[in-house]
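# Structural overview for review
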Amino acid sequence: MSTTTQGKVGFGQRMLDGIERVGNKLPEPFTLFLGLFLITGAVSTAMALAGVSVSIPGGDETVAIKGLFTGEGLSWLTTTMGDNYIGFPPLATVLPILLAVGVAEKSGMLAAAVRVAFGSSPRWLLPYAVGFVGVVGSIMADSAFIIIPPLAALVFKAAGRHPMAGLIGGFAATGAGYSTSIVPTSLDALFAGITTSVMDTLPGTEYSAVNPVSNYYFNIAASIVLAIIAGFIIDKLIEPNMIRKGVPREYAATGKKGLAKEFQAKDSPYSDTEVAAQHEEDAPEVKAELEPEEKKGLIWALVSALILTAVLLVAFLVPNSPWRNEDGGFLPESPLLSSIVFIVFAYFMLMGVVYGFVVRSVRSMNDVVRMMSDSIVDMMSFLILAFILGQFIALFNWTGIGSWIAVAGADGLESIGLTGFAAVIGFMLLASVLNLFIVSGSSMWTLMAAVFVPLFALLGYEPAFIQAGFRVGDSATQVITPLNPYMIVLLGLVRRYEPNAGLGTVISRMFPFVIPFWLAWAALLAIWFFLDLPLGPGNGIFLD
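Residues numbered from 1 in each chain as written. Predicted model: local features only at pLDDT ≥ 70, side-chain atom pairs only at ≥ 80, totals over all residues. Heavy atoms only, no water.

### So, the overall build of the protein
- For the protein, the helix and strand inventory stands at 23 helices and two strands.
- Partitioning the intrachain contacts of the protein with sequence separation of at least 6 by distance along the chain shows that 78% fall at a separation of at least 24.
- For the protein, the computed accessible surface area is about 23200 Å², with 65% contributed by carbon and sulfur atoms. (Helix = DSSP H or I, 4+ residues; strand = E, 2+ residues; numbered from the N terminus. Contact = heavy atoms within 4.5 Å. Areas by Shrake-Rupley, 256 points an atom, 1.4 Å probe, with all protein chains shown as cover.)

What follows is the structure, given as structure tokens:
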């Protein structure tokens, strides 16, 4: 091959290189939001000195913009910093769920459930099982990126199918469908908390409370549709391409040292041997088949869940239940809907503990406490980031800048007649583009929710609906950004079969999933929009 030919770089690769360069110039999330906090403070001070005010539609008062760098603003900051952090709504919902999911994960229950889903699937159904498990894998948070792809490759190989198809499909389904699941997760709690916090920008606005199940009906439908699409792509496109290109079916790497050497190849974007070896260690060895004890543990975990369900149904459905509202029902608000965090906590904690006792990963309450502690350690980066996110949201609300942007933006969209579903499509496209550069979902939703949730509320849309729209843009493109930290993990796994594969190889294999996922998800949201269907218990599309 000539040097000239080797030097040619296609448009796709140039685009990916550009994304990587721009993304690498962005500061890490804490620094980014610290900068945004200071910029907001400076802008609010200038607007306050200029006497800018805003009138919220439907309200009788005109609210003056307040500045951070004034006596009043500095006094506000020094007296409320702790409350801004502790009062950051996602903390109250994410942390309890995180503790319980941590027990369910670290006891081995979640991984065993994934393995039984794969192991019980017939050969022809495997691609769709991988699609389904991947799409709902966010229940395990980021560990899904490390557990699901190699396990999918393993069961594909055991069934006589191409393991690379399982590997690629498992990662794509997990990443591109990360924002949805058939069961409420800590991500639902995180999004709900942020959505609720930014609505303080519009005091007096009547809207349905946002909680971890506010998008539940929509999420169930999205999970099923995206799982089927993922399975179809794996079965009809990815696996045939692997066979056609002659990609070997056998493990080609020579262990950790061999893998580390591969990362030093000239065409590799990674040359750090220690990093490669570390990520290889992070990908655990997994077996598709369950041990008898693990099967017994899952059975008893399921039995415990059924018993808990019966207890909860009796408690909630009896006449004059304390979990009913004043009208004797549950919608649109009731103690039952306010108990969602407890219900999710109870299921995961009970099933995780029961499974752990059966398989002996939990021997005493000390083990349960240790697992909960480990789950908090895993979330430490978010707890630190939540400090500056809480300050940013509180400042946005206190200064009145959020109200001013929402009113100005809504007026602008109304003036050009862009207030219908087309505006929502534009919002989702913006989220998809930003997702290429800001891979942290909590950071991006904090940034976008502060502006768009109040803006669309003024246009007549429920906050829960805009949150559902964000889910579409947030997930689909994260499997093609070089800034996804789990790309290096996938690259190491791919090189077991294709030693010369590079980051471009991995991303090109992800592309077939992105557009179908995005279009199907957006079409599903359009069905909800035009039929005015409930997104979840007590949450609709339009404000009354």
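### A word on the layout of surface pockets
- The computed volume of the second largest pocket comes to approximately 1100 Å³.
- As for the second largest pocket, its lining consists of 38 residues, of which I182, V183, P184, Y216 and F348 are closest to the centre.
- At the level of secondary structure, the elements contributing two or more residues to the lining of the second largest pocket comprise α6 (109-119), α7 (126-135), α14 (292-317) and α15 (340-359).
- Per element, the largest residue contribution to the lining of the second largest pocket is eight residues, and it comes from α14.
- For the lining of the second largest pocket, the per-class residue count stands at 35 nonpolar, three polar and no charged. (1 Å grid on protein atoms, 1.4 Å probe; cavity = no way out; pocket = protein on both sides within 12 Å on 5 of 7 lines; lining within 4 Å. Points joined across faces, edges and corners; volume = space filled by probe spheres on them. Nonpolar A, V, L, I, M, F, W, Y, C, P; charged D, E, K, R; others polar.)

### Topic: the pattern of salt bridges
- Applying the stated criterion across every chain yields a total of ten salt bridges.
- For R161, the salt bridge goes to D235, with nearest N and O atoms at 2.6 Å. Here D235 lies in helix α11 (residues 216-244) and R161 lies in the loop between α8 (144-158) and α9 (163-176), a separation of 74 residues in the sequence.
- You can call R161 buried: its relative accessible area is 6%.
- What you see here is one network of salt bridges that share partners, running through R161, D235, K236 and E239. (Salt bridge = Lys/Arg side-chain N within 4 Å of Asp/Glu carboxyl O. Buried < 20%, exposed > 50% of the residue type's maximum accessible area, 1.4 Å probe, protein only.)

### Let's talk about the side chain of N219
- Within the secondary structure, N219 is located in helix α11.
- Each residue touching N219, except ones within four places of it in the same chain, is listed here: S179, T180, S181, D188 and R471.

### A closer look at unusual backbone geometry
- Despite not being glycine, N320 has its phi angle at roughly 60 degrees, a positive value.
- The topology assignment puts N320 in the loop between α14 and α15.
- Owing to a relative accessible area of 77%, N320 belongs among the exposed residues under this scheme.
- The backbone of D532 sits at a positive phi, close to 55 degrees, despite the residue not being glycine.
- Note on placement: D532 falls in the segment after α23 (503-531).
- You can call D532 partly exposed: its relative accessible area is 45%.

### What to know about the environment of A176
- Checked against the element boundaries, A176 lands in helix α9.
- Between the C-alpha atoms of A176 and I515, which are 339 residues apart in sequence, the distance is 10.0 Å.
- Leaving out residues up to four positions away in the same chain, A176 has contacts with S475, A476, V479, F517 and W521.

### A closer look at helix α19 (residues 421-434)
- The end-to-end C-alpha separation of α19 is 20 Å, in line with the 20 Å expected for 14 residues at 1.5 Å each.
- Residues of α19 that are buried include every one of F421, A423, V424, F427, M428, A431 and S432, and no others.
- Looking at the buried side of α19, the elements it contacts are α20 (441-458), α21 (463-476) and α23. (Expected span 1.5 Å × (residues − 1).)

### Remarks on the environment of F88
- As for its placement among the helices and strands, F88 is situated in the loop between α4 (71-86) and α5 (89-106).
- Look past the residues within four positions of F88 in its chain and what remains in contact with it is D83, I194, A386, L389, G390, I393 and T446.

### A look at the packing of aromatic side chains
- Within the structure shown, the criterion is met by 25 aromatic pairs.
- Here F145 and Y178 contribute two aromatic rings whose centre-to-centre distance is 5.6 Å and whose plane-to-plane angle is 25 degrees, an arrangement assigned as stacked. Residue F145 is located in helix α8, and its partner Y178 is located in the loop between α9 and α10 (186-198); the two are separated by 33 residues in the primary sequence. Of the two residues, F145 and Y178, neither departs from the other in class, the shared state being buried.
- Put simply, the rings of F421, F427, F452, F456, Y461, F465, F529, F530 and F542 pair up and form one aromatic cluster. (Phe/Tyr/Trp six-rings, centres within 6.5 Å; stacked < 30°, edge-to-face > 60°.)

### Description of the nonpolar core
- Judged by nonpolar contacts, the single largest core of 162 residues is most densely connected at F118, F427, W445, F456, F465, M510 and F513.
- The biggest single contributor to this core is α23, with 16 residues.
- Once residues within four sequence positions are removed from consideration, F513 is found in contact with I168, G169, A172, A230, I233, I234 and I238.
- Within the second largest apolar cluster, seven residues are counted, among which are F37, L68, W76 and W398. (Core = buried A, V, L, I, M, F, W, Y, C linked by side-chain atoms within 4.5 Å.)

### Description of a nonpolar patch on the surface
- Residues I299, W300, V303, I307 and V311 make up a contiguous nonpolar surface patch of about 480 Å² in total accessible area.
- Within the secondary structure, V303 is located in helix α14. (Patch = residues over 30% accessible without salt bridge, like charges linked within 9 Å, V, L, I, M, F, W, Y side chains within 5 Å.)

### What to know about the confidence of the model for the protein
- Looking at the protein as a whole, its pLDDT mean stands at 85, while 88% of the residues score no less than 70.
- Here residues 1-7 scores under 50 on pLDDT; set against residues more than four positions off or in separate chains, the count is one contact.
- Note that residues 253-284 has pLDDT below 50 and, in this model, 41 contacts with residues that lie over four places away or in other chains. (pLDDT = per-residue confidence, 0-100.)

### Details of α14
- Helix length check: α14, at 26 residues, gives a terminal C-alpha distance of 37 Å against a target of 38 Å (1.5 Å per residue), a fit within 8%.
- Here α14 has its buried residues at E294, G297, L298, A301, S304, A305, L308, L312 and F316.
- On its buried face, α14 sits against α6 and α15.

### Considering the packing of helix α22 (residues 487-494) against α23
- It is at 10 Å that the axes of α22 and α23 come closest, and there the two elements cross at 100 degrees. As far as their axial angle goes, α23 and α22 are roughly perpendicular. Residues M487, L490, L491 and V494 of α22 pack against L503, V506, I507 and M510 of α23.
- For the contact of α22 with α23, the per-class residue count stands at eight nonpolar, no polar and no charged. (Axes fitted to C-alpha atoms, helices over the stretch in contact; angles between N-to-C directions. Parallel < 35°, antiparallel > 145°, perpendicular 65-115°, else oblique.)

### Section: the environment of G51
- Mapped onto the elements of the fold, G51 is located in the loop between α3 (29-49) and β1 (53-55).
- Overall, G51 belongs to the exposed group, its relative accessible area being 56%.
- In this structure the C-alpha to C-alpha distance between G51 and I65, which are 14 residues apart in sequence, comes to 7.3 Å.

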